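# Survey of secondary and tertiary structure
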Amino acid sequence: MVQVPLIRLQCGCNSYDWGKVGKSSAAARFAAATPSDGFSIQEEKPYAELWMGTHPSLPSKDLETQRSLLELVQDNQQLLGPTVAQKFGDKLPFLFKVLSIGKALSIQAHPNKKLAEQLHAKDPKNYPDDNHKPEMTIAVTPFDGLCGFRPLAEISHFLQHIPSLRKLIGEEEAKNFESTVKGKETSEDDSDVQANKKALQSVFTKLMNTDKAALESATDELLKAASSEGASFAGEGGPSNDGQELADLVVRLNDQFPKDIGLFVQFFLNYVKLEVGEAMFLRADDIHAYLSGDIIECMASSDNVVRAGFTPKFKDVDTLTSMLTYSYAPIDKQKMERPDYSGVKFNATAYSSNSSVIEYNPQEIDEFAVVRAALNKSGAKATFNDIDGPSIVLATKGKGTISVGNKSEKIEEGSVFFVGSTATLVIESETDADDGGEGLVVFKAYCDP
Ligand SMILES: NNC(=O)[C@@H](O)[C@H](O)[C@H](O)COP(=O)(O)O
Ligand SMILES: [Zn+2]
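All figures in this text were calculated on a predicted structure; none of them were measured in a lab. (Residues numbered from 1 in each chain as written. Chains lettered and ligands numbered in written order. Predicted model: local features only at pLDDT ≥ 70, side-chain atom pairs only at ≥ 80, totals over all residues. Heavy atoms only, no water.)

### A few points about the packing of helix 9 (residues 212-229) against helix 11 (residues 243-256)
Their axes nearest at 8 Å, the elements helix 9 and helix 11 cross at an angle of 130°. Judged by the inter-axis angle, helix 9 sits oblique to helix 11. Classified by chirality, the crossing of helix 11 by helix 9 is left-handed. Here helix 9 contributes Thr219, Leu222, Leu223, Ala226 and Ser227 to the contact with helix 11, which in turn contributes Ala247, Val250, Val251 and Asn254. Split into classes, the residues belonging to the contact of helix 9 with helix 11 amount to six nonpolar, three polar and no charged. (Axes fitted to C-alpha atoms, helices over the stretch in contact; angles between N-to-C directions. Helix = DSSP H or I, 4+ residues; strand = E, 2+ residues; numbered from the N terminus. Parallel < 35°, antiparallel > 145°, perpendicular 65-115°, else oblique. Left-handed = near helix turned anticlockwise from the far one by under 90°. Contact = heavy atoms within 4.5 Å. Nonpolar A, V, L, I, M, F, W, Y, C, P; charged D, E, K, R; others polar.)

Below, the structure is given as structure tokens:
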């Protein structure tokens, strides 16, 4: 039977303990929006991630036949399209997720391809596949997180103004870092950058290998300062940060993970806030720790996470400190451009209701890109140009219909569909804009190398 390339998916939701609890979790609400015998939301349980894709750790299924999406695309590679099947094999090259973050995720990085193959071969239990995991995050509600190393002048400032941090790192190590980077923090000369990265790796590795007793006493001193110094904490935050905000973050994170090394890591990493619709891209080997919010995530299809703090899970500090890129940049370099997507046509109602389709497309990888469509009036319609690759469509708000050829299905908050290669996708809203100014909102992850 020829499979019409529009398949409603039943997707799994995992319960990592950082997830939001019960119905407050968008991941749980979206999972519950599709009929499934085994899943109902338990009010006291955390729900972290809705997975949409073919990764074996939590594979999505065809709702109607209950066959896994992996089986379907293996049986009929037309669904992927020859270019994608040839380049990435008979599985989806991307993994699409909704994360509902109730408390900090681990301080983590994802290995590049070469390291992933080594880690998977050596320790398949903790590193379940051999793939790299570059990833993109788009805020569905306001998000905050620690992402990428700060500009070096900010780190030097904190080493000067947070005695407990300096004590933990030690005078010699702190002095080595300060003298190496001083005056060269923004140099683009390659030998300066390499020397800076080496000094950053040395001081960060020293921090990450703190012994428990030293960490305990340093944390007591840090908490006392954070709770008593208010806006003047950390030298009033230094050139680009707010002392009170940093102090509040120390107290908030300590409540979640008491006396954790992560409390000090925050002075090395950018504290990033994303408003709804803003996005950032993290390369393999980039350090991060997401802190709160509901987000869309899209990544190469992998579940490899190297962790070092803020987690009860397996930690691999030596691998993390040795794998990182140690690139450093201001926050605005972390955020992605959000151009209008050119691969779509609107009907008159869509135009007149200032509907939009925004594209999030990291240029350096081929596995995925995402578009966010907001169709802001009942009758607004978007017709997407055919692409030579697979897509997954998720509605996060409102109602409407999704069609491919002569097959039409209802789509509403939480619905997930697979759309096959070269299928002409049409989405029509039944929802007028609410006071937030948007009606039907859908995200489409796709691979179109
Ligand atoms: N940055 N986000 C991700 O990488 C997600 O896709 C991962 O699945 C989570 O980070 C996993 O975090 P834990 O291992 O539970 O600490
Ligand atoms: Zn991550």
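### Digging into the side chain of Glu49
Counting through the fold element by element, Glu49 comes out in strand 5 (residues 49-52). Separated by 3.3 Å, the side chains of Glu49 and Lys97 make a polar contact. Beyond its immediate stretch of four places on either side in the chain, Glu49 contacts Gly12, Cys13, Asn14, Tyr16, Trp18, Ala27, Leu58, Lys97, Val98 and Leu99. (Polar contact = N/O pair within 3.5 Å; in protein donor to acceptor, adjacent residues only side chain to side chain.)

### What about the coordination of the zinc ion (ligand 2)?
For a metal with four tetrahedral donors the ideal donor-metal-donor angle is 109.5 degrees, while six octahedral donors give ideal angles of 90 or 180 degrees. The zinc ion (ligand 2) binds to the protein through Gln108 (OE1), His110 (NE2), Glu135 (OE) and His288 (NE2); the donor distances cover 2.1 to 2.3 Å. For the zinc ion (ligand 2), the six donor atoms in the first shell make angles of 77 to 171° at the metal, a pattern classed as octahedral. Mapping the donors of the zinc ion (ligand 2) onto the primary sequence yields the spacing Q-x1-H-x24-E-x152-H. Across this residue pair, the class does not change: Gln108 and His110 are buried. (Donors = N, O, S within 2.8 Å, 3.2 Å for Na, K, Ca; no water. Tetrahedral: all angles 85-135°; square planar, octahedral: opposite > 155°, others 65-115°. Buried < 20%, exposed > 50% of the residue type's maximum accessible area, 1.4 Å probe, protein only.)

### Quick notes on the site of ligand 1
In the vicinity of ligand 1, 17 residues are found, and the nearest of them are Glu49, Ser106, Lys133, Arg307 and Lys313. Here Glu135 contributes a side-chain N or O atom positioned 2.8 Å from a nitrogen atom of ligand 1. Within the side chain of Glu297, one N or O atom sits 2.7 Å away from a nitrogen atom of ligand 1. Within the complex, the protein chains bury 99% of what would otherwise be the 400 Å² of accessible surface of ligand 1. Under a 2 Å grid-point criterion requiring more than half of the atoms, the pocket assigned to ligand 1 is the second largest pocket. In terms of residues, the shell around ligand 1 owes the most to one element, strand 13 (residues 288-300), which gives four residues. (Near = heavy atom within 4 Å. Areas by Shrake-Rupley, 256 points an atom, 1.4 Å probe, with all protein chains shown as cover. 1 Å grid on protein atoms, 1.4 Å probe; cavity = no way out; pocket = protein on both sides within 12 Å on 5 of 7 lines; lining within 4 Å. Sits in = over half its atoms within 2 Å of the grid points.)

Note that every value here comes from positions in space, so none of it alone points to a role or purpose.
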